[in-house]
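# Understanding the architecture of this molecule
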Amino acid sequence: AVDFGLSELCEKKNTLIQVNAYDANLNPVEADISFECFGTVCEIGKTDLISGLNEEFPQCVNGLFLASAEGFEDARQIYSTIESGNVDIIMNRLYEMDVDLKLSGRDYSGSAVISFISDSNSKTIVYPEQRSVELSEGQYEIQVSIFRNSSLRLGATSSEYCVEKPRSGLGGIFGLTDEECFDVEMPAQIISNALAGGGKENYYILESELRGSNVVEISVQSLPIPTTIEQLQDNYLLFEDKGLEVGFR
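Residues numbered from 1 in each chain as written. Predicted model: local features only at pLDDT ≥ 70, side-chain atom pairs only at ≥ 80, totals over all residues. Heavy atoms only, no water.

### Re the side chain of Thr-47
Defined as follows: Helix and strand labels come from DSSP, where a helix needs a run of H or I of at least four residues and a strand needs a run of E of at least two; each type is numbered from the N terminus. We call a residue buried when its accessible area falls under 20% of the maximum for its residue type, exposed when it is over 50%, and partly exposed in between, using a 1.4 Å probe and counting protein chains only. Think of a polar contact as two N or O atoms within 3.5 Å of one another; within protein, one of them needs to be a possible hydrogen donor and the other a possible acceptor, and neighboring residues in sequence only count if both atoms come from side chains. Two residues qualify as a contact provided that any one of their heavy atoms is within 4.5 Å of a heavy atom in the partner residue.
Among the secondary structure elements, Thr-47 is positioned in the loop between strand E4 (40-46) and strand E5 (53-58). Overall, Thr-47 belongs to the buried group, its relative accessible area being 2%. At 2.8 Å, the side chain of Thr-47 and the backbone oxygen of Val-29 are in polar contact. Here Ala-31 takes part through its backbone nitrogen, which lies 2.9 Å from a polar atom of the side chain of Thr-47. Setting aside chain neighbours within four positions, we find Thr-47 in contact with Val-19, Ala-21, Val-29, Glu-30, Ala-31, Ile-33, Gly-52 and Leu-53.

Set out below in structure tokens:
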């Protein structure tokens, strides 16, 4: 767990470090700077647009400099603070984009889950209730799962589960166990929304695409509306091989 607040580590600041935060175009950014070492986070200060931040840090091998600023994705930089030095942190600007989803070439306004997955800035929206997302430059896996009305009925099932329990009396003292089994009944149910379209694609989003656009357009293909559990399983297999198209306007 990360320990926020003052600690013995945070009180021992004795290494002078110059920290500068920049956007992708190397313009200075006012950012709040903190420092993490072995799970302890120390608040340090704020960079300014003229001189950055010149402050003493605790000594730490492979410490983590953390930068946060409004309108930017949080950034981090690994740096050992055993000796004085300079740390430059590049921060990616966030852009709020409208999401336009198309299914088989036509505007789609039904139910879908859209995910933009990256190492540092993963976002998921439930469409059409949510139609915007904040994105920054970077490599994403974009996933779209479209759900359509279904009357797929799953029959009742019964499964047996077995667990090991300590044997009563002296046997339990010596670690002996007995097996106890019981039945779990699952009632019949109807799946009202089933996977019926979508796909996934790896895509590197450039800041120039975000800066010059207001809308990210995603085009996916439909899948058969399943009427049996086998068809539903087939749809999930087909989904894994389905791509999608991404555009900005």
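### Looking at the state of the cysteines
Selection rule: When two cysteine sulfur atoms are found within 2.5 Å, that pair is recorded as a disulfide.
Enumeration according to the criterion identifies three disulfides in this entry. Bridging Cys-10 to Cys-42, the disulfide has an S-S length of 2.0 Å. Linking Cys-10 and Cys-42, the disulfide has an S-S dihedral of approximately -90° and is accordingly described as left-handed. On the criterion of sequence distance, the pair formed by Cys-10 in helix H1 (residues 8-11) and Cys-42 in strand E4 is long-range, its members being 32 residues apart. The exposure class assigned to Cys-10 is buried, which follows from its relative accessible area of 4%. A relative accessible area of 2% places Cys-42 in the buried class. Cys-37 shares a disulfide with Cys-60; S-S distance 2.1 Å. Between Cys-37 and Cys-60, the disulfide has an S-S torsion of 85° and is therefore right-handed. In this pair, Cys-37 sits in strand E3 (residues 32-37) while Cys-60 sits in the loop between E5 and strand E6 (63-68), placing the two residues 23 residues apart along the sequence. Along the chain, the cysteines engaged in disulfide bonds are linked according to the scheme 1-3, 2-4, 5-6 when indexed in sequence order.

### A short note on the pairing of strand E7 (residues 75-79)
Each regular strand shows side chains that alternate between the opposite faces of the sheet. Applicable threshold: Should DSSP find at least two bridges between two strands, the strands are taken to pair.
Alignment of E6 against E7, held across five bridges, turns out to be antiparallel. Note that in E7 the partner of Leu-64 across the bridge is Ile-78. Here E6 folds back onto E7 in antiparallel fashion, the turn holding six residues, of which Gly-71 has a positive phi close to 85°.

### Quick notes on the packing of aromatic side chains
To be explicit about the condition: Two rings from Phe, Tyr or Trp (for Trp, the six-membered ring) form a pair when their centres are within 6.5 Å of each other. A pair whose planes differ by under 30 degrees is stacked, one over 60 is edge-to-face, and the rest are tilted.
Tallying each qualifying case throughout the model produces five aromatic pairs. A centroid spacing of 5.6 Å and a plane angle of 80° characterise the contact between Phe-35 and Phe-57, whose relative ring orientation is edge-to-face. With Phe-35 in strand E3 and Phe-57 in strand E5, this residue pair connects regions lying 22 residues apart in the sequence. When its relative accessible area of 0% is taken as the criterion, Phe-35 is described as buried. Since its relative accessible area comes to 0%, Phe-57 is described here as buried. Their ring planes at 80° and their centres at 6.0 Å tell us that Phe-65 and Tyr-79 sit as a pair that is edge-to-face. Of this pair, Phe-65 sits in strand E6 while Tyr-79 is found in strand E7, placing the two residues 14 residues apart along the sequence. Under the relative-accessibility criterion, Phe-65 is labelled buried at 0%. Taken together, the ring pairs connect Phe-35, Phe-57, Phe-65 and Tyr-79 into an aromatic cluster.

### A short note on a negative patch on the surface
Applied cut-off: Put simply, a patch holds well-exposed residues, over 30% relative accessible area, that have no salt bridge, with like charges counted together within 9 Å and Val, Leu, Ile, Met, Phe, Trp or Tyr side chains within 5 Å. In short, Shrake-Rupley with a 1.4 Å probe defines the accessible areas, and a residue's cover is counted only from the protein chains shown. A side-chain nitrogen of Lys or Arg and a carboxyl oxygen of Asp or Glu constitute a salt bridge if their distance falls within 4 Å. Counted as positive: Lys and Arg. Counted as negative: Asp and Glu, with His and the chain ends omitted from the count. Note on charges: their place is set at NZ of Lys, CZ of Arg, CG of Asp or CD of Glu.
On the surface, Glu-160, Glu-164, Glu-179 and Asp-183 cluster together into a patch of negative charge. Of all the secondary structure elements, the ones that give two or more residues to the negative patch are strand E15 (157-166) and strand E16 (177-186). The topology assignment puts Glu-160 in strand E15.

### Considerations on the sheet that holds strand E8 (residues 85-90)
Our working definition: Lines are fitted to the C-alpha atoms to define the axes, a helix being fitted only along its stretch in contact, and any angle between axes, read from their N-to-C directions, falls within 0 to 180 degrees.
Overall, mixed pairing links the three strands, which are arranged E5-E2-E8 in an open sheet. Each edge of the open sheet carries a strand with a single partner, namely E5 and E8. The sheet shows a mean angle of 40° between the axes of neighbouring strands, direction not considered. Pairing of strand E2 (residues 13-22) with E8 involves six bridges; the strand directions are parallel. Its bridge partner being in E8, Ala-21 is matched across the sheet by Ile-89.

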